[in-house]
Amino acid sequence: ARAAGLVVRDARRWWAGRAGAAMKRYGSVLVWAAIAVALCLHAGLWNRTLSADNRLYFYIAERAASGVPPHVSAPDVKNQLATLVSGASIVAGRAVGLDDVRAGRLASLATLVAGVSAVGLVVFELGGSTAAAAVAAVSTLAFGSLVDHAAIGFNPKVLLFALIAWTHLLLARGRFG
């Protein structure tokens, strides 16, 4: 009975340490996500007009959502993956009754949150400091109109940022090589 009690006590300590570290890490992600959402809402997520470039990306994504391959709709070769992701978000939005622009903007917002979270988690993985991770994650929101691109929607830069950030996170966790 005493041995079983020691095992249970040790298991509780181990779990408390693991859960505490996870809460420290992933609880911060929720804060970073809330900041990104607030900034995008402030930047006009629901009522901004599409810029000239983003109109083209929206057109190609809407055509992709309707079954037309991206390379047929317009001769834009920058990033067809982002167009297909936006097209998939439009299809999902149509399924739940969202208009096409809002569906794409929600996908851009989710992509921004995923990228910001990955940046913070990379810093946490490499340095173990929650404060440094928070500074890194939040500071990415100030780079090159990233929040504006996400708020307007349909810009490939947001997806590229998130993919690069997640690649670094996977590298930091030793997933490649």
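Residues numbered from 1 in each chain as written. Predicted model: local features only at pLDDT ≥ 70, side-chain atom pairs only at ≥ 80, totals over all residues. Heavy atoms only, no water.

Attention now moves to the overall build of the chain. Helix and strand counts for the chain stand at eight helices and zero strands. Secondary structure of the chain in N-to-C order comes out as α-α-α-α-α-α-α-α. Long-range contacts, defined here as pairs at least 24 residues apart, represent 72% of the contacts in the chain between residues at least 6 apart. For the chain, the accessible area works out to roughly 9700 Å², and carbon and sulfur atoms hold 67% of it. (Helix = DSSP H or I, 4+ residues; strand = E, 2+ residues; numbered from the N terminus. Contact = heavy atoms within 4.5 Å. Areas by Shrake-Rupley, 256 points an atom, 1.4 Å probe, with all protein chains shown as cover.)

Mapped onto the fold, T111 is located in helix α5 (residues 100-127). Here T111 falls in the buried class, since its relative accessible area comes to 15%. In this structure, T111 is in contact with V158, L159 and A162, ignoring residues within four places of it in sequence. (Buried < 20%, exposed > 50% of the residue type's maximum accessible area, 1.4 Å probe, protein only.)

With that out of the way, let us pick up the nonpolar core. One finds W32, C40, L112, V116, L141 and F161 to be the most contacted residues of the largest nonpolar core, which totals 28 residues. If you tally residues by element for this core, the top one is α5, at nine residues. Once residues within four sequence positions are removed from consideration, W32 is found in contact with V116, S117, G120, L121, A133, A134, A137 and V138. Listed in part, the eight residues of the second largest apolar core include Y57, F58, I152 and F154. (Core = buried A, V, L, I, M, F, W, Y, C linked by side-chain atoms within 4.5 Å.)

Quick look at the environment of L30 now. Topologically, L30 is positioned in helix α1 (residues 2-42). Owing to a relative accessible area of 63%, L30 belongs among the exposed residues under this scheme. Each C-alpha atom of the pair L30 and V113 lies 9.3 Å from the other, and the pair is 83 residues apart in sequence.

Below, the discussion takes up helix α2 (residues 52-65). A rise of 1.5 Å per residue sets the reference length of α2, with its 14 residues, at 20 Å; its end C-alpha atoms lie 20 Å apart and thus fit the reference within 8%. Those residues of α2 not exposed but buried are N54, Y57, F58, I60, A61, E62, A64 and A65. G67, located one to two residues past α2, shows a positive phi value of around 100°. (Expected span 1.5 Å × (residues − 1).)

As enumerated under the stated definition, the model contains two cavities of 30 Å³ or more in all. For the largest cavity, the calculated volume is near 80 Å³. Going through the elements one at a time, α4 (80-96), α5 and α8 (156-172) are the ones with two or more residues in the lining of the largest cavity. Of the residues contributing to the lining of the largest cavity, the split by class is six nonpolar, four polar and no charged. Considered as a void within the structure, the second largest cavity measures approximately 30 Å³ in volume. Together, Y57, A82, T83, S86, F154 and P156 line the second largest cavity. Sorting elements by how many residues they give to the lining of the second largest cavity places α4 first, with three residues. When its residues are assigned to classes, the lining of the second largest cavity shows four nonpolar, two polar and no charged. (1 Å grid on protein atoms, 1.4 Å probe; cavity = no way out; pocket = protein on both sides within 12 Å on 5 of 7 lines; lining within 4 Å. Points joined across faces, edges and corners; volume = space filled by probe spheres on them. Nonpolar A, V, L, I, M, F, W, Y, C, P; charged D, E, K, R; others polar.)

For the rest of this paragraph, the subject is unusual backbone geometry. Located in the positive-phi region is F154, a residue other than glycine, with phi close to 70°. Within the secondary structure, F154 sits in the loop between α7 (146-152) and α8.

The next subject is the side chain of T140. Relative to the assigned elements, T140 resides in the loop between α6 (130-139) and α7. Its relative accessible area of 5% is what places T140 among the buried residues. Those residues in contact with T140, other than ones at most four positions away along the chain, are V116, V119, L146 and F161.

Just distances and angles here, no functional claims.
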